Amino acid sequence: MGQALVEIRNITKRFPGVVALQDVSFTINEGEIHALIGENGAGKSTMIKILSGLYRPEAGGEIIFDGEPLREYSALESLHRGLVVIYQDFSLFSNLSVLENIALGPYVKAGKRLVDWKAMEAIAKTTLEKLQLPLDLNTPVGSLSVAKQQLVAIARALANKARLLVLDEPTSALSKGEVLKLFEIMRSLKNDGISLLFISHKIDELFAISDRFTVFRDGKCMGTFAEEELDDDRLISLMVGRKIEYKIFGKNKRDDPIMEVKNLSKAGQFRDVSFTLNRGEILGVTGLVGAGRTEVAQAIFGLNAFDSGEILLEGKPFKIQKPSDAVERGIAYVPENRLQEGLVLCKSIKDNLVITILRAISNRAGLLDQGKKSAMTAEWMEKLNIKPVMPELPASKLSGGNQQRVVLSKWLATNPKILIVDEPTNGIDIGAKSEIHQILRDLAEGGMAVVVISSELPEILAITDRVIIMRRGRITAEKFCEGLNQEDILSKAI
Ligand SMILES: Nc1ncnc2c1ncn2[C@@H]1O[C@H](COP(=O)(O)OP(=O)(O)OP(=O)(O)O)[C@@H](O)[C@H]1O
Ligand SMILES: [Mg+2]
(Lines give C-alpha, C1' and ligand atoms only; values in the text may rest on other atoms or scores of the structure.)
(Ligands and ions follow the chains in the order given, each with its own letter.)
Protein backbone atom coordinates (compact mmCIF):
# COMPACT_ATOMS: atom_id res chain seq x y z
CA MET A 1 0.00 0.00 0.00
CA GLY A 2 1.14 3.53 -0.76
CA GLN A 3 2.22 6.10 1.77
CA ALA A 4 -0.06 8.70 3.28
CA LEU A 5 -0.82 11.52 0.86
CA VAL A 6 -3.43 13.40 2.89
CA GLU A 7 -3.66 13.26 6.67
CA ILE A 8 -6.82 14.83 7.96
CA ARG A 9 -6.41 15.56 11.66
CA ASN A 10 -9.10 16.64 14.09
CA ILE A 11 -11.10 18.69 11.63
CA THR A 12 -14.18 20.41 12.99
CA LYS A 13 -16.56 22.64 11.05
CA ARG A 14 -19.51 24.48 12.55
CA PHE A 15 -22.32 26.32 10.84
CA PRO A 16 -24.91 28.31 12.81
CA GLY A 17 -26.86 25.67 14.71
CA VAL A 18 -25.11 22.71 13.04
CA VAL A 19 -21.86 20.90 13.68
CA ALA A 20 -21.16 19.61 10.18
CA LEU A 21 -17.88 17.92 11.12
CA GLN A 22 -16.71 17.01 14.58
CA ASP A 23 -13.11 16.12 15.26
CA VAL A 24 -12.73 14.14 12.04
CA SER A 25 -9.44 12.34 11.36
CA PHE A 26 -8.56 9.95 8.56
CA THR A 27 -5.83 9.34 6.03
CA ILE A 28 -5.85 8.98 2.26
CA ASN A 29 -2.93 7.02 0.84
CA GLU A 30 -1.04 7.54 -2.38
CA GLY A 31 -2.49 5.65 -5.30
CA GLU A 32 -5.66 4.38 -3.65
CA ILE A 33 -9.35 4.73 -4.38
CA HIS A 34 -10.86 5.84 -1.12
CA ALA A 35 -14.64 5.83 -0.67
CA LEU A 36 -16.33 8.41 1.54
CA ILE A 37 -19.76 7.32 2.58
CA GLY A 38 -22.49 8.51 4.94
CA GLU A 39 -26.13 9.49 5.06
CA ASN A 40 -27.47 12.74 3.64
CA GLY A 41 -26.09 15.57 5.75
CA ALA A 42 -23.32 13.46 7.32
CA GLY A 43 -20.67 15.99 6.26
CA LYS A 44 -19.11 14.51 3.12
CA SER A 45 -19.42 17.55 0.90
CA THR A 46 -18.32 19.81 3.74
CA MET A 47 -15.15 17.72 4.11
CA ILE A 48 -14.25 18.03 0.45
CA LYS A 49 -15.06 21.74 0.42
CA ILE A 50 -12.45 22.12 3.14
CA LEU A 51 -9.99 20.08 1.09
CA SER A 52 -10.58 22.28 -1.94
CA GLY A 53 -10.21 25.50 0.04
CA LEU A 54 -13.83 26.59 -0.18
CA TYR A 55 -14.36 26.40 3.59
CA ARG A 56 -11.91 26.93 6.41
CA PRO A 57 -12.01 24.47 9.32
CA GLU A 58 -12.17 25.59 12.97
CA ALA A 59 -8.85 26.24 14.68
CA GLY A 60 -7.27 23.17 16.22
CA GLY A 61 -7.41 20.81 13.25
CA GLU A 62 -4.98 20.44 10.42
CA ILE A 63 -4.55 18.79 7.05
CA ILE A 64 -1.14 17.49 6.09
CA PHE A 65 -0.74 17.14 2.35
CA ASP A 66 2.28 15.24 1.15
CA GLY A 67 4.11 15.89 4.41
CA GLU A 68 3.33 19.59 4.61
CA PRO A 69 0.36 21.23 6.31
CA LEU A 70 -2.10 23.33 4.34
CA ARG A 71 -1.66 26.87 5.55
CA GLU A 72 -4.25 29.06 3.92
CA TYR A 73 -7.20 26.79 3.14
CA SER A 74 -7.73 28.73 -0.06
CA ALA A 75 -8.78 27.49 -3.47
CA LEU A 76 -5.50 28.64 -4.96
CA GLU A 77 -3.43 26.76 -2.41
CA SER A 78 -5.38 23.56 -3.03
CA LEU A 79 -5.00 23.92 -6.77
CA HIS A 80 -1.26 24.55 -6.48
CA ARG A 81 -0.78 21.52 -4.26
CA GLY A 82 -2.70 19.28 -6.65
CA LEU A 83 -5.95 18.84 -4.76
CA VAL A 84 -8.71 18.83 -7.32
CA VAL A 85 -12.43 18.39 -6.71
CA ILE A 86 -14.92 17.55 -9.41
CA TYR A 87 -18.30 18.68 -8.13
CA GLN A 88 -21.53 17.32 -9.41
CA ASP A 89 -22.03 20.18 -11.80
CA PHE A 90 -18.38 19.88 -12.94
CA SER A 91 -18.05 23.69 -13.02
CA LEU A 92 -16.87 23.58 -16.62
CA PHE A 93 -17.29 26.57 -18.90
CA SER A 94 -19.93 25.28 -21.23
CA ASN A 95 -19.42 27.87 -23.97
CA LEU A 96 -15.67 27.28 -24.08
CA SER A 97 -14.20 24.49 -26.15
CA VAL A 98 -12.80 21.19 -24.91
CA LEU A 99 -9.32 22.60 -25.53
CA GLU A 100 -9.88 25.75 -23.50
CA ASN A 101 -11.46 23.91 -20.62
CA ILE A 102 -8.61 21.47 -20.30
CA ALA A 103 -5.61 23.64 -20.91
CA LEU A 104 -6.51 27.08 -19.62
CA GLY A 105 -5.85 26.16 -15.99
CA PRO A 106 -2.15 25.38 -16.26
CA TYR A 107 -1.82 28.65 -18.10
CA VAL A 108 -3.50 30.77 -15.53
CA LYS A 109 -1.51 28.95 -12.88
CA ALA A 110 1.79 29.78 -14.51
CA GLY A 111 0.76 33.43 -14.56
CA LYS A 112 1.26 33.69 -18.31
CA ARG A 113 -0.41 36.57 -20.03
CA LEU A 114 -0.22 35.61 -23.65
CA VAL A 115 -2.01 32.48 -24.64
CA ASP A 116 0.18 30.11 -26.58
CA TRP A 117 -2.41 28.08 -28.44
CA LYS A 118 0.09 25.57 -29.71
CA ALA A 119 1.29 24.73 -26.22
CA MET A 120 -2.28 24.55 -24.97
CA GLU A 121 -3.19 22.19 -27.73
CA ALA A 122 -0.27 19.97 -26.87
CA ILE A 123 -1.34 19.79 -23.24
CA ALA A 124 -4.94 19.02 -24.13
CA LYS A 125 -3.94 16.40 -26.68
CA THR A 126 -1.62 14.48 -24.38
CA THR A 127 -4.18 14.44 -21.58
CA LEU A 128 -6.95 13.22 -23.83
CA GLU A 129 -4.70 10.56 -25.28
CA LYS A 130 -3.79 9.41 -21.83
CA LEU A 131 -7.48 9.00 -21.05
CA GLN A 132 -8.03 7.39 -24.46
CA LEU A 133 -10.66 9.96 -25.20
CA PRO A 134 -11.01 10.78 -28.87
CA LEU A 135 -12.65 14.20 -28.58
CA ASP A 136 -12.54 17.08 -31.02
CA LEU A 137 -10.71 19.87 -29.24
CA ASN A 138 -12.91 22.57 -30.73
CA THR A 139 -16.26 21.21 -29.60
CA PRO A 140 -18.01 23.49 -27.11
CA VAL A 141 -18.24 21.57 -23.87
CA GLY A 142 -21.91 22.43 -23.43
CA SER A 143 -22.83 20.30 -26.42
CA LEU A 144 -21.25 17.13 -24.99
CA SER A 145 -23.07 14.43 -23.04
CA VAL A 146 -22.87 14.54 -19.25
CA ALA A 147 -20.48 11.60 -19.25
CA LYS A 148 -18.12 13.28 -21.69
CA GLN A 149 -18.25 16.56 -19.77
CA GLN A 150 -17.22 14.67 -16.71
CA LEU A 151 -14.28 13.16 -18.55
CA VAL A 152 -13.27 16.62 -19.72
CA ALA A 153 -13.33 17.73 -16.09
CA ILE A 154 -11.04 14.82 -15.24
CA ALA A 155 -8.77 15.71 -18.16
CA ARG A 156 -8.61 19.23 -16.83
CA ALA A 157 -7.63 17.92 -13.41
CA LEU A 158 -4.83 15.89 -14.96
CA ALA A 159 -3.60 18.88 -16.93
CA ASN A 160 -3.47 20.64 -13.57
CA LYS A 161 -1.27 17.82 -12.26
CA ALA A 162 -3.74 16.53 -9.72
CA ARG A 163 -2.36 14.35 -6.92
CA LEU A 164 -5.72 13.87 -5.24
CA LEU A 165 -8.85 13.80 -7.35
CA VAL A 166 -12.14 14.07 -5.49
CA LEU A 167 -15.33 12.94 -7.23
CA ASP A 168 -18.59 13.97 -5.51
CA GLU A 169 -21.35 11.60 -6.67
CA PRO A 170 -19.95 11.31 -10.20
CA THR A 171 -22.09 8.40 -11.36
CA SER A 172 -25.60 9.64 -10.69
CA ALA A 173 -26.26 10.76 -14.26
CA LEU A 174 -24.26 8.09 -16.07
CA SER A 175 -25.42 5.00 -17.91
CA LYS A 176 -24.02 1.61 -16.95
CA GLY A 177 -21.51 1.62 -19.79
CA GLU A 178 -20.36 5.11 -18.93
CA VAL A 179 -19.88 4.13 -15.31
CA LEU A 180 -17.66 1.24 -16.40
CA LYS A 181 -15.62 3.56 -18.58
CA LEU A 182 -15.24 6.01 -15.68
CA PHE A 183 -14.12 3.19 -13.41
CA GLU A 184 -11.55 2.10 -15.96
CA ILE A 185 -10.13 5.61 -16.02
CA MET A 186 -10.17 5.81 -12.22
CA ARG A 187 -8.16 2.59 -12.03
CA SER A 188 -5.61 3.77 -14.55
CA LEU A 189 -5.15 7.04 -12.63
CA LYS A 190 -4.67 5.03 -9.49
CA ASN A 191 -1.99 2.95 -11.23
CA ASP A 192 -0.21 6.20 -12.04
CA GLY A 193 -0.07 6.94 -8.32
CA ILE A 194 -2.92 9.43 -8.19
CA SER A 195 -5.25 9.16 -5.18
CA LEU A 196 -8.99 9.28 -5.63
CA LEU A 197 -11.67 10.14 -3.09
CA PHE A 198 -15.00 8.82 -4.32
CA ILE A 199 -18.40 9.80 -2.91
CA SER A 200 -21.52 7.85 -3.84
CA HIS A 201 -24.75 6.54 -2.36
CA LYS A 202 -24.60 3.47 -4.61
CA ILE A 203 -23.16 0.73 -2.49
CA ASP A 204 -22.52 -1.81 -5.25
CA GLU A 205 -20.47 0.79 -7.12
CA LEU A 206 -18.48 1.62 -4.03
CA PHE A 207 -17.58 -2.01 -3.53
CA ALA A 208 -16.71 -2.45 -7.20
CA ILE A 209 -14.00 0.17 -7.20
CA SER A 210 -12.82 1.21 -3.71
CA ASP A 211 -9.76 -0.02 -1.80
CA ARG A 212 -10.74 1.53 1.53
CA PHE A 213 -13.85 3.13 3.00
CA THR A 214 -14.22 5.99 5.44
CA VAL A 215 -17.65 6.20 7.04
CA PHE A 216 -19.21 9.42 8.35
CA ARG A 217 -22.21 9.51 10.63
CA ASP A 218 -23.70 12.80 11.86
CA GLY A 219 -20.48 14.71 11.28
CA LYS A 220 -18.31 12.15 13.04
CA CYS A 221 -15.86 9.75 11.49
CA MET A 222 -16.71 6.13 12.31
CA GLY A 223 -13.39 4.88 11.04
CA THR A 224 -11.59 3.73 7.90
CA PHE A 225 -11.90 0.12 6.74
CA ALA A 226 -10.29 -1.99 4.08
CA GLU A 227 -12.67 -3.34 1.47
CA GLU A 228 -12.12 -6.93 2.69
CA GLU A 229 -13.28 -6.00 6.20
CA LEU A 230 -16.72 -4.90 5.03
CA ASP A 231 -19.89 -6.26 3.51
CA ASP A 232 -23.14 -4.43 2.71
CA ASP A 233 -24.69 -5.04 6.11
CA ARG A 234 -21.67 -3.98 8.10
CA LEU A 235 -21.21 -0.85 6.00
CA ILE A 236 -24.84 0.14 6.31
CA SER A 237 -24.91 -0.40 10.04
CA LEU A 238 -21.76 1.73 10.46
CA MET A 239 -23.39 4.43 8.40
CA VAL A 240 -26.93 4.38 9.70
CA GLY A 241 -26.59 2.69 13.07
CA ARG A 242 -29.37 0.22 12.36
CA LYS A 243 -30.33 -2.46 9.91
CA ILE A 244 -32.02 -1.41 6.70
CA GLU A 245 -34.20 -3.72 4.73
CA TYR A 246 -35.32 -3.08 1.23
CA LYS A 247 -38.99 -3.72 1.69
CA ILE A 248 -40.77 -5.43 -1.20
CA PHE A 249 -44.33 -4.17 -1.36
CA GLY A 250 -47.32 -6.28 -2.37
CA LYS A 251 -48.41 -5.86 -5.99
CA ASN A 252 -51.80 -4.70 -7.18
CA LYS A 253 -53.54 -5.26 -10.48
CA ARG A 254 -55.71 -2.25 -11.31
CA ASP A 255 -57.96 -1.70 -14.25
CA ASP A 256 -59.10 1.88 -13.83
CA PRO A 257 -57.41 3.92 -16.57
CA ILE A 258 -56.80 7.60 -15.94
CA MET A 259 -54.42 8.19 -18.84
CA GLU A 260 -53.86 6.47 -22.15
CA VAL A 261 -50.81 7.26 -24.20
CA LYS A 262 -51.17 6.25 -27.84
CA ASN A 263 -48.38 5.95 -30.42
CA LEU A 264 -46.42 8.91 -29.14
CA SER A 265 -43.46 9.66 -31.43
CA LYS A 266 -40.79 12.25 -31.72
CA ALA A 267 -38.01 12.07 -34.31
CA GLY A 268 -34.68 11.12 -32.78
CA GLN A 269 -36.17 10.55 -29.28
CA PHE A 270 -38.93 7.97 -29.09
CA ARG A 271 -41.29 6.01 -31.35
CA ASP A 272 -44.71 4.50 -31.04
CA VAL A 273 -44.86 4.70 -27.29
CA SER A 274 -48.23 3.42 -26.03
CA PHE A 275 -49.32 2.53 -22.51
CA THR A 276 -52.18 2.88 -20.06
CA LEU A 277 -51.88 4.28 -16.56
CA ASN A 278 -54.39 3.25 -13.89
CA ARG A 279 -55.55 4.98 -10.74
CA GLY A 280 -54.07 3.42 -7.63
CA GLU A 281 -51.04 1.83 -9.26
CA ILE A 282 -47.36 2.51 -9.52
CA LEU A 283 -46.16 2.06 -13.06
CA GLY A 284 -42.41 1.67 -13.42
CA VAL A 285 -40.51 2.87 -16.47
CA THR A 286 -37.03 1.48 -16.79
CA GLY A 287 -34.29 0.92 -19.33
CA LEU A 288 -30.78 2.21 -19.75
CA VAL A 289 -30.07 5.90 -19.34
CA GLY A 290 -30.70 7.39 -22.79
CA ALA A 291 -33.51 4.98 -23.66
CA GLY A 292 -35.95 7.88 -24.00
CA ARG A 293 -37.73 7.55 -20.66
CA THR A 294 -37.24 11.14 -19.53
CA GLU A 295 -38.12 12.50 -22.98
CA VAL A 296 -41.47 10.70 -22.90
CA ALA A 297 -42.22 11.95 -19.38
CA GLN A 298 -41.41 15.49 -20.43
CA ALA A 299 -43.64 15.13 -23.50
CA ILE A 300 -46.58 14.17 -21.29
CA PHE A 301 -45.88 17.13 -19.03
CA GLY A 302 -45.71 19.65 -21.87
CA LEU A 303 -41.98 20.25 -21.71
CA ASN A 304 -41.15 18.44 -24.93
CA ALA A 305 -43.42 18.81 -27.98
CA PHE A 306 -44.03 15.48 -29.74
CA ASP A 307 -44.52 14.92 -33.48
CA SER A 308 -47.46 12.54 -33.48
CA GLY A 309 -49.66 10.36 -31.34
CA GLU A 310 -52.22 11.29 -28.70
CA ILE A 311 -52.87 11.31 -25.00
CA LEU A 312 -56.28 10.59 -23.44
CA LEU A 313 -56.88 11.92 -19.96
CA GLU A 314 -59.89 10.54 -18.13
CA GLY A 315 -61.18 9.31 -21.47
CA LYS A 316 -60.91 12.61 -23.31
CA PRO A 317 -58.23 13.88 -25.69
CA PHE A 318 -55.67 15.94 -23.83
CA LYS A 319 -54.09 18.69 -25.88
CA ILE A 320 -50.93 19.46 -24.03
CA GLN A 321 -48.89 22.48 -24.98
CA LYS A 322 -47.15 23.70 -21.88
CA PRO A 323 -46.53 22.50 -18.33
CA SER A 324 -49.31 24.67 -16.89
CA ASP A 325 -51.83 22.68 -19.00
CA ALA A 326 -50.62 19.55 -17.25
CA VAL A 327 -50.61 21.10 -13.78
CA GLU A 328 -54.16 22.33 -14.29
CA ARG A 329 -55.29 18.80 -15.07
CA GLY A 330 -53.64 17.42 -11.95
CA ILE A 331 -50.35 16.12 -13.33
CA ALA A 332 -47.13 16.68 -11.39
CA TYR A 333 -43.65 15.92 -12.67
CA VAL A 334 -40.55 15.74 -10.49
CA PRO A 335 -37.51 16.02 -12.76
CA GLU A 336 -34.34 14.00 -12.42
CA ASN A 337 -31.98 16.92 -12.09
CA ARG A 338 -34.01 18.38 -9.29
CA LEU A 339 -31.28 20.60 -8.02
CA GLN A 340 -31.13 22.69 -11.15
CA GLU A 341 -34.80 22.69 -11.97
CA GLY A 342 -36.55 22.44 -8.70
CA LEU A 343 -35.18 24.72 -6.03
CA VAL A 344 -34.94 28.43 -5.26
CA LEU A 345 -31.65 28.25 -3.43
CA CYS A 346 -31.79 31.63 -1.71
CA LYS A 347 -35.28 30.98 -0.32
CA SER A 348 -36.00 29.11 2.90
CA ILE A 349 -36.98 25.46 3.12
CA LYS A 350 -40.45 26.66 4.08
CA ASP A 351 -40.88 28.93 1.08
CA ASN A 352 -39.62 26.25 -1.27
CA LEU A 353 -41.96 23.65 0.17
CA VAL A 354 -45.16 25.64 -0.19
CA ILE A 355 -44.40 27.32 -3.50
CA THR A 356 -46.53 24.80 -5.42
CA ILE A 357 -49.53 24.97 -3.10
CA LEU A 358 -49.84 28.69 -2.43
CA ARG A 359 -53.49 28.65 -3.45
CA ALA A 360 -54.36 25.84 -1.08
CA ILE A 361 -52.87 27.62 1.91
CA SER A 362 -54.24 31.08 1.20
CA ASN A 363 -57.41 32.39 2.80
CA ARG A 364 -60.40 33.81 0.93
CA ALA A 365 -58.85 37.24 0.66
CA GLY A 366 -55.88 35.63 -1.07
CA LEU A 367 -53.56 36.17 1.87
CA LEU A 368 -51.18 33.46 2.90
CA ASP A 369 -52.27 31.62 6.00
CA GLN A 370 -49.00 31.56 7.97
CA GLY A 371 -50.29 28.94 10.36
CA LYS A 372 -51.17 26.55 7.54
CA LYS A 373 -47.85 27.27 5.89
CA SER A 374 -45.93 26.31 9.02
CA ALA A 375 -48.06 23.25 9.59
CA MET A 376 -47.56 21.98 6.02
CA THR A 377 -43.83 22.60 6.29
CA ALA A 378 -43.59 20.75 9.57
CA GLU A 379 -45.62 17.85 8.19
CA TRP A 380 -43.45 17.34 5.11
CA MET A 381 -40.17 17.95 6.88
CA GLU A 382 -41.11 15.16 9.24
CA LYS A 383 -42.43 12.81 6.54
CA LEU A 384 -39.23 13.05 4.50
CA ASN A 385 -37.01 13.52 7.52
CA ILE A 386 -35.48 16.74 6.24
CA LYS A 387 -32.52 17.87 8.32
CA PRO A 388 -31.63 20.11 10.01
CA VAL A 389 -35.14 20.86 11.27
CA MET A 390 -34.86 24.59 10.62
CA PRO A 391 -37.69 25.65 8.31
CA GLU A 392 -36.24 29.14 7.91
CA LEU A 393 -32.83 27.94 6.67
CA PRO A 394 -32.06 28.92 3.05
CA ALA A 395 -32.16 25.86 0.81
CA SER A 396 -28.57 26.57 -0.29
CA LYS A 397 -27.41 25.53 3.18
CA LEU A 398 -28.87 22.04 3.01
CA SER A 399 -26.86 19.00 1.99
CA GLY A 400 -27.46 17.71 -1.55
CA GLY A 401 -29.71 14.88 -0.45
CA ASN A 402 -31.80 17.09 1.79
CA GLN A 403 -32.30 19.53 -1.07
CA GLN A 404 -33.59 16.59 -3.11
CA ARG A 405 -36.06 15.80 -0.37
CA VAL A 406 -37.39 19.36 -0.33
CA VAL A 407 -38.06 19.28 -4.07
CA LEU A 408 -39.67 15.89 -3.84
CA SER A 409 -42.02 16.92 -1.04
CA LYS A 410 -42.93 20.16 -2.73
CA TRP A 411 -44.49 18.14 -5.57
CA LEU A 412 -45.95 15.43 -3.37
CA ALA A 413 -47.73 18.17 -1.42
CA THR A 414 -49.70 19.23 -4.50
CA ASN A 415 -51.70 16.04 -4.17
CA PRO A 416 -51.87 15.47 -7.94
CA LYS A 417 -54.00 12.89 -9.73
CA ILE A 418 -50.98 11.74 -11.69
CA LEU A 419 -47.51 11.93 -10.25
CA ILE A 420 -44.48 11.31 -12.46
CA VAL A 421 -41.16 11.04 -10.62
CA ASP A 422 -37.86 10.70 -12.43
CA GLU A 423 -35.28 8.71 -10.40
CA PRO A 424 -36.97 9.45 -7.06
CA THR A 425 -34.11 8.25 -4.88
CA ASN A 426 -31.15 9.50 -6.87
CA GLY A 427 -28.74 11.13 -4.41
CA ILE A 428 -30.78 9.97 -1.44
CA ASP A 429 -29.12 7.78 1.16
CA ILE A 430 -30.05 4.19 1.77
CA GLY A 431 -31.70 4.96 5.10
CA ALA A 432 -34.24 7.27 3.52
CA LYS A 433 -34.93 5.24 0.41
CA SER A 434 -37.42 2.98 2.11
CA GLU A 435 -39.19 6.00 3.58
CA ILE A 436 -39.67 7.47 0.14
CA HIS A 437 -40.82 4.12 -1.21
CA GLN A 438 -43.40 3.93 1.57
CA ILE A 439 -44.69 7.42 0.77
CA LEU A 440 -45.08 6.58 -2.93
CA ARG A 441 -46.91 3.34 -2.06
CA ASP A 442 -49.22 5.20 0.31
CA LEU A 443 -50.05 7.76 -2.36
CA ALA A 444 -50.93 4.99 -4.80
CA GLU A 445 -53.04 3.21 -2.19
CA GLY A 446 -54.89 6.51 -1.79
CA GLY A 447 -55.85 6.39 -5.47
CA MET A 448 -53.09 8.43 -7.09
CA ALA A 449 -51.65 7.15 -10.37
CA VAL A 450 -47.88 7.14 -9.97
CA VAL A 451 -45.20 6.76 -12.63
CA VAL A 452 -41.72 5.97 -11.34
CA ILE A 453 -38.86 6.27 -13.80
CA SER A 454 -35.87 4.43 -12.40
CA SER A 455 -32.69 2.71 -13.57
CA GLU A 456 -32.42 0.88 -10.29
CA LEU A 457 -33.98 -2.51 -10.83
CA PRO A 458 -34.25 -3.38 -7.13
CA GLU A 459 -36.24 -0.18 -6.69
CA ILE A 460 -38.54 -1.03 -9.61
CA LEU A 461 -39.11 -4.52 -8.25
CA ALA A 462 -39.71 -3.26 -4.71
CA ILE A 463 -42.38 -0.66 -5.38
CA THR A 464 -43.97 -0.89 -8.81
CA ASP A 465 -47.01 -2.95 -9.79
CA ARG A 466 -46.28 -2.97 -13.48
CA VAL A 467 -43.22 -2.04 -15.48
CA ILE A 468 -42.53 -0.76 -18.97
CA ILE A 469 -39.08 -1.41 -20.35
CA MET A 470 -37.67 0.97 -22.93
CA ARG A 471 -34.77 0.60 -25.29
CA ARG A 472 -33.60 3.16 -27.83
CA GLY A 473 -36.82 5.13 -27.74
CA ARG A 474 -39.18 2.17 -27.97
CA ILE A 475 -41.08 0.08 -25.48
CA THR A 476 -39.66 -3.44 -25.65
CA ALA A 477 -41.83 -5.03 -22.97
CA GLU A 478 -44.57 -4.42 -20.45
CA LYS A 479 -44.86 -6.74 -17.46
CA PHE A 480 -46.63 -7.21 -14.17
CA CYS A 481 -44.04 -7.15 -11.39
CA GLU A 482 -45.46 -10.01 -9.36
CA GLY A 483 -42.75 -12.67 -9.33
CA LEU A 484 -40.53 -10.75 -11.75
CA ASN A 485 -36.74 -10.72 -11.26
CA GLN A 486 -33.89 -8.50 -12.42
CA GLU A 487 -32.81 -10.83 -15.22
CA ASP A 488 -36.30 -10.72 -16.77
CA ILE A 489 -36.02 -6.95 -17.03
CA LEU A 490 -32.39 -6.80 -18.10
CA SER A 491 -32.92 -9.10 -21.04
CA LYS A 492 -35.45 -6.64 -22.46
CA ALA A 493 -33.43 -3.52 -21.70
CA ILE A 494 -30.16 -4.42 -23.39
N1 LIG B 1 -23.08 26.77 4.05
C2 LIG B 1 -23.74 26.12 5.02
N3 LIG B 1 -24.41 26.78 5.98
C4 LIG B 1 -25.05 26.12 6.96
N5 LIG B 1 -25.11 24.79 7.07
C6 LIG B 1 -24.47 24.07 6.13
C7 LIG B 1 -23.75 24.68 5.06
N8 LIG B 1 -23.23 23.71 4.29
C9 LIG B 1 -23.59 22.53 4.85
N10 LIG B 1 -24.33 22.74 5.97
C11 LIG B 1 -24.87 21.70 6.86
O12 LIG B 1 -23.82 20.82 7.21
C13 LIG B 1 -24.29 19.47 7.28
C14 LIG B 1 -23.46 18.58 6.40
O15 LIG B 1 -23.76 18.85 5.03
P16 LIG B 1 -22.99 18.17 3.80
O17 LIG B 1 -23.42 18.91 2.59
O18 LIG B 1 -21.54 18.11 4.10
O19 LIG B 1 -23.60 16.70 3.82
P20 LIG B 1 -23.32 15.46 2.82
O21 LIG B 1 -22.71 14.37 3.63
O22 LIG B 1 -22.57 15.92 1.63
O23 LIG B 1 -24.80 14.99 2.43
P24 LIG B 1 -25.47 14.51 1.00
O25 LIG B 1 -25.28 13.05 0.90
O26 LIG B 1 -26.92 14.84 1.21
O27 LIG B 1 -24.86 15.32 -0.10
C28 LIG B 1 -25.77 19.53 6.91
O29 LIG B 1 -26.54 19.55 8.09
C30 LIG B 1 -25.91 20.85 6.17
O31 LIG B 1 -27.21 21.37 6.31
MG1 LIG C 1 -23.08 16.14 -0.47
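Residues numbered from 1 in each chain as written. Chains lettered and ligands numbered in written order. Predicted model: local features only at pLDDT ≥ 70, side-chain atom pairs only at ≥ 80, totals over all residues.

1. A look at the overall build of the protein
And step 1. Scanning the protein from terminus to terminus reveals 17 helices and 20 strands.
And step 2. Compactness check: the protein gives a C-alpha radius of gyration of 24 Å against a globular reference of 23 Å for 494 residues, within 12% of the reference.
And step 3. C-alpha extents for the protein along the principal axes are approximately 70 × 50 × 50 Å.
And step 4. Counting only residues that meet the buried cut, the protein has 42% of its 494 residues in that class.
And step 5. Counting only contacts in the protein whose residues sit at least 6 apart along the sequence, the fraction spanning at least 24 positions is 70%. (Helix = DSSP H or I, 4+ residues; strand = E, 2+ residues; numbered from the N terminus. Rg over C-alpha atoms; globule rule 2.2 N^0.38 Å. Buried ≥ 20, exposed ≤ 12 C-beta atoms within 10 Å, placed from the backbone. Contact = placed C-beta atoms within 7 Å.)

2. Brief notes about the domain arrangement of the protein
And step 1. When the domains of the protein are assigned, the result is domain 1 (4-240) and domain 2 (257-493).
And step 2. Taken over C-alpha atoms, the centre of domain 1 sits 31 Å from the centre of domain 2. (Domains from an automatic or database assignment.)

3. Re the site of ligand 1
And step 1. Around ligand 1 there are 19 residues in total, and Asn40, Ser45, Ser399, Gly400 and Gly401 lie nearest to it.
And step 2. When residues of the shell around ligand 1 are traced back to their parent elements, those giving at least two are strand E2 (18-29), helix H1 (44-51) and helix H14 (400-412).
And step 3. Among the residues forming the shell around ligand 1, the class breakdown is six nonpolar, 10 polar and three charged.
And step 4. In terms of domain composition, the shell around ligand 1 takes at least three residues from each of domain 1 (4-240) and domain 2 (257-493). (Near = placed C-beta within 6 Å. Nonpolar A, V, L, I, M, F, W, Y, C, P; charged D, E, K, R; others polar.)

4. Some points on the sheet that holds strand E18 (residues 449-453)
Sheet strands pair by backbone hydrogen bonding; their relative direction is either parallel or antiparallel.
And step 1. Within the open sheet, the six strands sit side by side as E16-E17-E18-E13-E19-E20. Their pairing is mixed. A single partner strand is all that each edge strand has here, and the edge strands are strand E16 (331-334) and strand E20 (474-480). Adjacent strand axes in the sheet meet at a mean angle of 15° when their direction is disregarded.
And step 2. In this sheet, E20 lies alongside strand E19 (residues 466-471) in antiparallel orientation, the contact comprising six bridges. In the sheet register, methionine 470 faces E20, and the bridge partner there is isoleucine 475.
And step 3. Against the sheet, helix H9 (residues 293-300) contacts strand E13 (282-286), E16, strand E17 (418-422), E18 and E19, and its axis sits at roughly 150° relative to E17. (Pairing = 2+ DSSP bridges. Axes fitted to C-alpha atoms, helices over the stretch in contact; angles between N-to-C directions.)

5. Here's the deal with the sheet that holds E2
And step 1. Taken in spatial order, the four strands of this open sheet run E2-E1-E4-E5, and their pairing is antiparallel. A strand with exactly one partner marks an edge of an open sheet, and here the two such strands are E2 and strand E5 (68-69).
And step 2. Sheet analysis places strand E1 (residues 4-15) next to E2, joined by eight bridges and oriented antiparallel. Its bridge partner being in E2, valine 6 is matched across the sheet by isoleucine 28.
And step 3. Packing against the sheet, H1 makes contact with E1 and E2, and its axis sits at approximately 65° to E2.

6. Quick notes on the nonpolar core
Nonpolar side chains in soluble globular proteins tend to be buried together.
And step 1. Membership of the largest hydrophobic core comes to 67 residues, with the highest contact counts inside it found for Ile102, Leu164, Leu165, Val166 and Leu196.
And step 2. With residues up to four places along the chain from it excluded, the contact list for leucine 165 reads Val84, Ile86, Ala157, Leu189, Ile194 and Leu196.
And step 3. Ile258, Val285, Ala299 and Ala326 belong to the second largest nonpolar core, which has 64 residues in total. (Core = buried A, V, L, I, M, F, W, Y, C linked by C-beta atoms within 7 Å.)

7. Regarding helix H6 (residues 176-191)
Every α-helix winds through 3.6 residues per turn, so residues three or four apart in the chain are directed the same way.
And step 1. Between the first and last C-alpha of H6 there are 23 Å, a value that for 16 residues agrees with the 22 Å anticipated at 1.5 Å per step.
And step 2. Every buried residue belonging to H6 is among Glu178, Leu182, Ile185, Met186 and Leu189, and all of these are buried. Looking straight down H6, one finds its buried side chains confined to an arc of 105°; they lie on one side. Those residues of H6 that are exposed and aimed more than 90 degrees away from the buried face are Leu180 and Asn191.
And step 3. Against strand E3 (33-37), helix H5 (146-159), strand E7 (164-168), strand E8 (195-199) and helix H7 (203-209) lie the buried residues of H6.
And step 4. Two residues or fewer past H6, glycine 193 is found with a positive phi of approximately 95°. (Expected span 1.5 Å × (residues − 1). Arc of directions from axis to C-beta.)

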